[in-house]
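# A structural walkthrough
In case you want the letters, here they are:
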Amino acid sequence: MATSVTLGEFLLGRPGDFQYENTELGRLLNAIRLAGKVVSHEIRRAGLVDITGTIGSTNIQGEEQQKLDIFANEAFINTLTNRDIVCGIVSEENEEPIEIRGSDNRNRNKYVVVMDPLDGSSNIDVNITVGTIFGIYHRVSPIGTPVTTEDFLQSGNNQVAAGFIAYGTSTMMVYTTGNGVNGFTLNPAIGTYYLSHPNIEIPKKGNIYSVNEGGYVHFPQGVKNYIKYCQREEEDRPYRARYVGSMVADVWRTMLQGGIYFYPESTGKPHGKLRLLYECNPLAFLVEQAGGQATNGYERILDIKPTDIHQRMPFFGGEGEMVEKAMQFIAEADGGE
Ligand code: P6P
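Residues numbered from 1 in each chain as written. Predicted model: local features only at pLDDT ≥ 70, side-chain atom pairs only at ≥ 80, totals over all residues. Heavy atoms only, no water.

Applicable threshold: UniProt positions are given in the numbering used here, feature names are shortened, and annotations may be inferred rather than shown by experiment.
Identification of the protein chain as Fructose-1,6-bisphosphatase class 1 from Neolewinella antarctica is taken from an unreviewed UniProt entry. Under the UniProt heading Subunit (unreviewed entry), the note attached to the protein chain is "Homotetramer." Taken verbatim from the UniProt record of the protein chain, the Subcellular location (unreviewed entry) comment is "Cytoplasm".

## Things to note about the sheet that holds strand 15 (residues 315-318)
Note the cut-off: Paired strands, as defined in this entry, are two strands with at least two bridges between them according to DSSP. Strands here are runs of E lasting at least two residues and helices are runs of H or I lasting at least four, both read from the DSSP assignment and numbered beginning at the N terminus. Contacts between residues were defined by any pair of non-hydrogen atoms, one from each residue, lying within 4.5 Å. Whenever a helix is involved, its axis is fitted only over the stretch in contact; in every case the axis is a line through C-alpha atoms, and angles between N-to-C directions fall within 0 to 180 degrees.
In spatial order, the strands read 12-11-13-15-14; together these five strands make up an open sheet with mixed pairing. Two strands lie at the open edges of the sheet, namely strand 12 (240-241) and strand 14 (293-295), each paired on one side alone. Two strands pair when backbone bridges link them, and strand 11 (residues 208-210) and strand 13 (residues 260-263) are joined in this way by two bridges, in the parallel orientation. By the bridge assignment for strand 13, Ser210 is matched with Tyr261. Sheet strands in contact with helix 7 (residues 320-336) are strand 11, strand 13, strand 14 and strand 15, and its direction is about 150 degrees off that of strand 15.

## Examining the sheet that holds strand 9 (residues 181-187)
With respect to topology, eight strands assemble into an open sheet ordered 4-3-5-6-7-8-9-10, the strand pairing being mixed. If you trace the sheet from one side to the other, it starts and ends with strand 4 (98-99) and strand 10 (192-197), each paired once. Sheet analysis places strand 3 (residues 86-91) next to strand 5 (residues 111-119), joined by five bridges and oriented parallel. Bridging from a neighbouring strand, Val86 pairs with Tyr111 of strand 5. Sitting on the sheet, helix 5 (residues 247-257) is in contact with strand 5, strand 6 (130-138), strand 7 (161-167), strand 8 (171-176), strand 9 and strand 10, with an inclination near 105 degrees to strand 7.

What follows is the structure in structure tokens.
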């Protein structure tokens, strides 16, 4: 149920809350809030003007770029660039990091942002929820020097904030700064986000498993064994299967209704499909802050030290017991090999 608290007021902080409205982090989250409204407006128009569909080019991932991909990427880059807060951006749509030297050209900005500007964009033309995923870090390179790749290759534990904007039946901004997870729903009539999902906690004992079973034959044996476990008629099973094919939608449903979402490795995708920096890490931070677990099948996602800004990583996220059960099947199958 939406409350009357707006995102702006929430960023001001309530007595005892983390006050960062006028801090740089508060202003950075405000910039993301604004860009989300701009992208939301454009997506809502998508079916009416000629901006859906592809532009005939592909991104660094070799994926067909949708027109709204480009629009969203430019909206977030432009909004983040002209506020003297961010010194660099890694985007799914750009092969190299984007360097931002600041209005005085002296590289004094303190934060870096990693983002997937429009995740799940292949679903746009069929009107399925898509989303912007972002993670925010303090830079590790010295102030006054150009941003470096090392600024982006930090483990997810170093995120100072992370979240997503979901463009679905409503537009929502869901984020954490390490003090729990809160969800805000946009009232498009007045352009204001209202606190609609305070202090989100993943329900225990979930009964939904979410994976693209079209890849079943290519999954490792342990993952196959876990899927068969989910489908067996016993005690609290079979579980219900739900899969949108848009990570923001699948993870958001998992956070609200419980369960597990996973994108495992497979013979054709030895490191899975999802990107560590701007899909796995931000959503792992959210899932853990909501009381769940997020691993790559073997270790916490947030503990992994990235080696490449676009590297891929298997992802198992959701209610703790279900994630642990999946890891148990993986370990047993590995042990049996
Ligand atoms: P598949 C979208 O392209 C994405 O990166 C995630 O949002 C989504 O969970 C996944 O890929 C879907 O991939 O192989 O199931 O179509």
